[in-house]
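# Architecture at a glance
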Amino acid sequence: MPTRRSADSTEGEQLFETAVEQFDAAADLIGLSDNIRTILRSPKNEIIVNFPAEMDDGSLRVFRGYRVQHSDILGPYKGGLRFTPGVELGEVKALAMWMTWKTSLSNVPFGGAKGGIAFNPREHSVREIERIVRRFTHALGSNIGPEHDIPAPDIGSNAQAMVWMMDTYLNSGSGGDRQNTRRVVTGKTIETGGSLGRDKATGQGLAFVLAHQFDRVNRELEGSTVAIQGFGNVGEHCARAMAQMGVTMTHVADHTGAIMNGRGIDAEALWRHTSEAGGVAGFDDAEALDVDEFFTADVDILVPAAIENQITTERAPHVRASVIVEGANGPTSVEGERILIDRGVEILPDVLANAGGVIVSYFEWLQNKMSARWQLGQVDDELRRYLWEAADAIEAEKKRLACSRREAAYAVALARIGTVFNQRGIWP
Ligand code: GLU
């Protein structure tokens, strides 16, 4: 496929170009009409807000926030908010587009969106983060809403941030509506209306998708080894869920370094260490290793659960794992993926593998709408069912179209969106 990247475009814009390239390839495969393609190639709305927030020393700083709403053809816009210093428009556009495919593939009645605030939460006090999040929510105003656009956590944000968003949104609206609009955000704390199992949902989902893949090829999961990149919400819960299935985590990497222990690294002990030390470096029951060595680890399974563009042309030829489960969004470059597929590596693509988060977000939204509370067992069972249905749909499409698993995932997602466009029509 020709690459249309201009040398001076930003990393974020390049990511969006990658997202469009992947989309075009899948659209070709299923013969999506030109009109629908044109619509889906660009997000519907790109919102940028610059807003002030007060720092603890009384000074004011202006922050930049983004919300990109890619498509609402299947339901309200849905997707996370990331708090990272470098977040930019192109990156958010790519991630919003991926959310559209992810919600469609998962068969939840949502569209796709993504957002972020450009700042590093590690450099701010809790009170400063609260003021930043509340001012951002206020600046977004009616651009979000429980039947319009529903944010959730992503890199750098968490349940507490969602509670501040909810509280700000509810207090800015009229009194009578306050109780029935809590679902304006998902990923909240349990006490304020969050769902049991949402916190671990993405990591748990990765393990469910992996187990289904092993079953399909009659391979024993118990006794296999995994290397996980990123030990935030996704990596940590993935480690715990996989440990329950008998998988040994031997390698972990994050922004502070990489560690290994051939006998296994205990997820709970590592989590206690990272909560205090801020990262995996310095964990005493493992030895340090180089990040590039991490990607060549002699393991069965590799889980990139950190950021985009990690398995690139340079790293892909050296990956020894036979299965890659994409915890992050867009961790494998287009060229990297081609190399891996040629080498026979199975890739469980992000739009399937990490969909557990948004699927349980849907359960949270439903529970709020019905003022109901599901048991954890019900959440997990339903999550497994949604993911395995999506995985089965992908395998059938992969066989039918003789294409990659990612292309098959997009084909399933796009076919559903195409059908709805055709039935609804384009108006006015
Ligand atoms: N941020 C997560 C994702 O990328 C979850 C989104 C959501 O729950 O809306 O899928």
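Structure: see above.
The following refers to the structure shown. (Residues numbered from 1 in each chain as written. Predicted model: local features only at pLDDT ≥ 70, side-chain atom pairs only at ≥ 80, totals over all residues. Heavy atoms only, no water.)

### Overview of the overall build of the protein
Looking only at helices and strands, the protein features 14 helices and twelve strands. A globule of 428 residues ought to have a C-alpha radius of gyration of about 22 Å, and the protein, at 21 Å, matches this closely. For the protein, the spread of C-alpha atoms along the principal axes amounts to about 55 × 55 × 50 Å. By residue count, 58% of the 428 residues in the protein fall in the buried class. Taking as baseline every contact in the protein between residues at least 6 positions apart, the subset at least 24 positions apart corresponds to 67%. (Helix = DSSP H or I, 4+ residues; strand = E, 2+ residues; numbered from the N terminus. Rg over C-alpha atoms; globule rule 2.2 N^0.38 Å. Buried < 20%, exposed > 50% of the residue type's maximum accessible area, 1.4 Å probe, protein only. Contact = heavy atoms within 4.5 Å.)

### What to know about the site of the ligand
If you check the shell around the ligand, you find 14 residues, and the closest are K78, K102, K114, D154 and S361. The side chain of K102 places a nitrogen or oxygen atom 2.7 Å from an oxygen atom of the ligand. Interatomic distance of 3.1 Å between a side-chain N/O atom of R198 and an oxygen atom of the ligand. Its free accessible area being 300 Å², the ligand has 95% of it covered by the protein chains. Listing elements by their share of the shell around the ligand, those giving two or more residues are strand 3 (77–83), helix 3 (89–106), strand 5 (149–153) and helix 12 (356–370). Residue classes in the shell around the ligand are distributed as four nonpolar, five polar and five charged. (Near = heavy atom within 4 Å. Polar contact = N/O pair within 3.5 Å; in protein donor to acceptor, adjacent residues only side chain to side chain. Areas by Shrake-Rupley, 256 points an atom, 1.4 Å probe, with all protein chains shown as cover. Nonpolar A, V, L, I, M, F, W, Y, C, P; charged D, E, K, R; others polar.)

### What about the packing of helix 1 (residues 11–30) against helix 14 (residues 405–424)?
Two elements in contact, helix 1 and helix 14, have axes separated by 9 Å at closest approach and are oriented at 70°. If you check the angle between helix 1 and helix 14, you find them roughly perpendicular. Seen along the crossing, helix 1 lies across helix 14 with a hand that is right-handed. Between helix 1, through Q22, F23, A25, A26, A27, L29 and I30, and helix 14, the contact on the second element is made entirely by R406, E407, Y410, A411, L414 and A415. (Axes fitted to C-alpha atoms, helices over the stretch in contact; angles between N-to-C directions. Parallel < 35°, antiparallel > 145°, perpendicular 65-115°, else oblique. Left-handed = near helix turned anticlockwise from the far one by under 90°.)

### Here's the deal with the sheet that holds strand 6 (residues 225–229)
Taken together, the seven strands give an open sheet; going across it, the order is 9-8-7-6-10-11-12, and neighbouring strands pair in mixed fashion. Lying at the two open borders of the sheet, with one neighbouring strand each, are strand 9 (287–289) and strand 12 (346–348). Shown here is a sheet whose adjacent strand axes are inclined to one another by a mean of 20°, direction ignored. Both strand 11 (residues 323–325) and strand 12 contribute to a ladder of three bridges, which runs parallel. (Pairing = 2+ DSSP bridges.)

### Focus: the packing of helix 4 (residues 126–140) against helix 5 (residues 159–172)
Packed helix pairs are characterised by how far apart their axes lie and by the angle those axes make with each other. Running from N to C, helix 4 and helix 5 cross one another at 45°; their axes reach a closest spacing of 9 Å. Between helix 4 and helix 5, the interaxial angle falls into the category oblique. For the pair helix 4 and helix 5, the sense of crossing is right-handed. In this structure, helix 4 uses V126, R127, I129, E130, V133, R134, T137, H138 and L140 to contact helix 5, whose residues at the interface are A161, W164, M165, D167, T168, Y169 and S172. Taken together, the residues that form the contact of helix 4 with helix 5 break down as eight nonpolar, four polar and four charged.

### A word on the packing of aromatic side chains
Ring pairs (aromatic) are described by centroid distance and by the angle formed between their planes. Evaluated as defined, the whole model comprises 14 aromatic pairs. Seen from their ring centres, F110 and W365 are 5.1 Å apart, and the 80° between their planes marks the pair as edge-to-face. Of this pair, F110 sits in the loop between helix 3 and strand 4 (112–117) while W365 is found in helix 12, placing the two residues 255 residues apart along the sequence. Aromatic pair F294 and F295: ring centres 5.2 Å apart, planes at 90°, arrangement edge-to-face. The buried category is assigned to F294, whose relative accessible area is 0%. Linked through ring pairs, F110, Y362, F363, W365, W374 and Y386 together constitute an aromatic cluster. (Phe/Tyr/Trp six-rings, centres within 6.5 Å; stacked < 30°, edge-to-face > 60°.)

### Section: the environment of E308
Within the secondary structure layout, E308 lies in the loop between strand 10 (301–304) and strand 11. Once the C-alpha coordinates of E308 and V420 are considered, the two residues, 112 residues apart in sequence, prove to be 30 Å apart. Ignoring any residue separated from it by four or fewer positions in sequence, one finds E308 in contact with L15, R82, E91, L95, N329, G330 and P331. Here the side chain of E308 touches R82 through a polar contact of 2.7 Å, side chain to side chain.

### Some remarks on empty space enclosed by the protein
Counting across every chain of the model gives one cavity of 30 Å³ or more. Lining the largest cavity, in full, are V209, H212, Q213, R216, L348, L352, A391, E395 and R405. Breaking the lining of the largest cavity down by element, the ones donating at least two residues are helix 6 (201–216) and helix 13 (376–401). Tallying contributions element by element places helix 6 first for the lining of the largest cavity, with four residues. Across the lining of the largest cavity, the residue classes break down as four nonpolar, two polar and three charged. (1 Å grid on protein atoms, 1.4 Å probe; cavity = no way out; pocket = protein on both sides within 12 Å on 5 of 7 lines; lining within 4 Å. Points joined across faces, edges and corners; volume = space filled by probe spheres on them.)

### Considering the pattern of salt bridges
Tallied over the entire structure, the rule returns 34 salt bridges. Of the charged contacts in the structure, one is a salt bridge between R82 and E308, with a shortest N-O distance of 2.7 Å. Here E308 lies in the loop between strand 10 and strand 11 and R82 lies in strand 3, a separation of 226 residues in the sequence. When its relative accessible area of 3% is taken as the criterion, R82 is described as buried. The exposure class assigned to E308 is buried, which follows from its relative accessible area of 14%. Beyond isolated ion pairs, a larger network of salt bridges with shared partners links R82, E91, K114, D154 and E308. (Salt bridge = Lys/Arg side-chain N within 4 Å of Asp/Glu carboxyl O.)

### Some details on helix 13
With 26 residues, helix 13 extends 37 Å from end C-alpha to end C-alpha; this agrees with the ideal 38 Å at 1.5 Å per step. Of all the positions in helix 13, only V379, D380, L383, Y386, L387, A390, A391, I394, E395, E397 and L401 are classed as buried. Its buried side turned inward, helix 13 meets helix 1, helix 3, helix 6, helix 11 (350–353), helix 12 and helix 14. Two residues or fewer past helix 13, A402 is found with a positive phi of approximately 50°. (Expected span 1.5 Å × (residues − 1).)

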